Structure formats: structure tokens, C-alpha cells
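Commentary on secondary and tertiary structure
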Amino acid sequence: MELQAAQQISPRGTRSRSFRRDVSYRAVARYAGQVERFLREFGPERVHIVPSEDLRDDTSRTYGQVLRFLGVNDRFRPGS
């Protein structure tokens, strides 16, 4: 249903920015609740959150951080 709302067309024939912004705010609020539940359930020492910007901007460093968090050799590369 929210996807349909986000895809509504304004009278000028363009997607309405206010609809997109509203859907985005709600998505962030839902995400925050999910993170809080994971932290409560598993504890912060067992949850590693990677911002997509970190993965995009410095993939190699971020990948290494994830491997270290998992207790895997950070030099591991798939297929090697």
C-alpha cells in the first residue's frame, strides 16, 4: 500500500516529493524499531550495522570490518 502511495502522480504529472518524503520518514522509523528489537534480543555485542554509505564509499575497509566482527580472517576473499 505504501508503495502505491509513493508512486502517486501529482497533478503536474510528476511524483509528489511530499509523498516520497513521508514514506521515507516512516521507513526510517520502522527500521529504528527493528534495530532496537535486534539489540534487545541479541545484545549490541552481537549486532553489527553497516551503513550503506560506508559500504559504497570504502567497500574494502567495510568488508574487513564485517569479517573481523564475524571472527573471520579479514584477508578472506570469496573464491580464494
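Everything here concerns the structure above.
Heads up: these notes are all about the structure in this document.

Cut-offs applied
- The numbers attached to residues start from 1 for each chain and follow its sequence in the written order.
- In view of the model being predicted, local features appear only for residues whose pLDDT reaches at least 70, and side-chain atom pairs are presented and counted only at 80 or more, with totals across whole chains, interfaces and linings using the full set of residues.
- The basis for every side-chain value is the complete set of heavy atoms in the structure, and neither hydrogens nor water enter the calculation.
- Numbering goes from the N terminus for both helices and strands, where a helix is a DSSP run of H or I of at least four residues and a strand is a run of E of at least two.
- Here, two residues are considered to be in contact whenever any of their heavy atoms come within 4.5 Å of each other.
- Method for areas: the Shrake-Rupley scheme with a 1.4 Å probe, in which residue coverage is limited to the protein chains shown.
- Under the scheme applied here, a residue whose accessible area is under 20% of the maximum for its type counts as buried, over 50% as exposed, and between as partly exposed, the area being computed with a 1.4 Å probe on protein chains only.
- Multiplying 1.5 Å by the residue count of a helix minus one yields the expected span of that helix.
- Excluding any residue in a salt bridge, patches collect residues exceeding 30% relative accessible area, merging like charges within 9 Å and nonpolar Val, Leu, Ile, Met, Phe, Trp and Tyr side chains within 5 Å.
- Here, a salt bridge means any side-chain nitrogen of Lys or Arg that lies within 4 Å of a carboxyl oxygen of Asp or Glu.

1. With respect to the overall build of the protein
- Scanning the protein for helices and strands turns up 4 helices and 0 strands.
- Its helices and strands in sequence order give the protein the pattern α-α-α-α, from N to C terminus.
- Within the protein, counting contacts between residues at least 6 apart in sequence, those at least 24 apart form 8% of the total.
- Accessible surface for the protein amounts to roughly 6,900 Å². Of this, 54% is attributable to carbon and sulfur atoms.

2. Details of the side chain of Thr62
- The topology assignment puts Thr62 in helix 4 (residues 59-70).
- In this structure Thr62 comes out as buried when scored by relative accessible area, which is 2%.
- When neighbours within four sequence positions are excluded, Thr62 is seen to be in contact with Val50, Asp54 and Leu55.

3. Considerations on helix 4
- For helix 4, with 12 residues, the first-to-last C-alpha span of 16 Å sits near the 16 Å given by 1.5 Å per residue.
- Within helix 4, the full set of buried residues consists of Thr62, Gly64 and Leu67.
- The positive-phi residue at the C-terminal boundary of helix 4 is Gly71, with phi of around 80°.

4. Quick word on a nonpolar patch on the surface
- A cluster of nonpolar residues, Phe69, Leu70, Val72 and Phe76, forms a patch on the protein surface that exposes about 350 Å² of accessible area.
- Relative to the helices and strands, Phe69 is located in helix 4.

5. Here we look at the pattern of salt bridges
- Taken as a whole, this structure holds 3 salt bridges when the rule is applied.
- In this structure, Arg56 engages Asp57 in a salt bridge whose closest nitrogen and oxygen atoms are separated by 2.8 Å.
- For Arg56, a relative accessible area of 59% translates into the label exposed.
- Asp57 gets classed as exposed once you look at its relative accessible area, which sits at 56%.
- The closest approach of N and O atoms between Asp74 and Arg68, which form a salt bridge, is 2.6 Å.
- Given the relative accessible area of 46%, Arg68 is considered partly exposed.

Coordinates in, geometry out; function isn't part of it.
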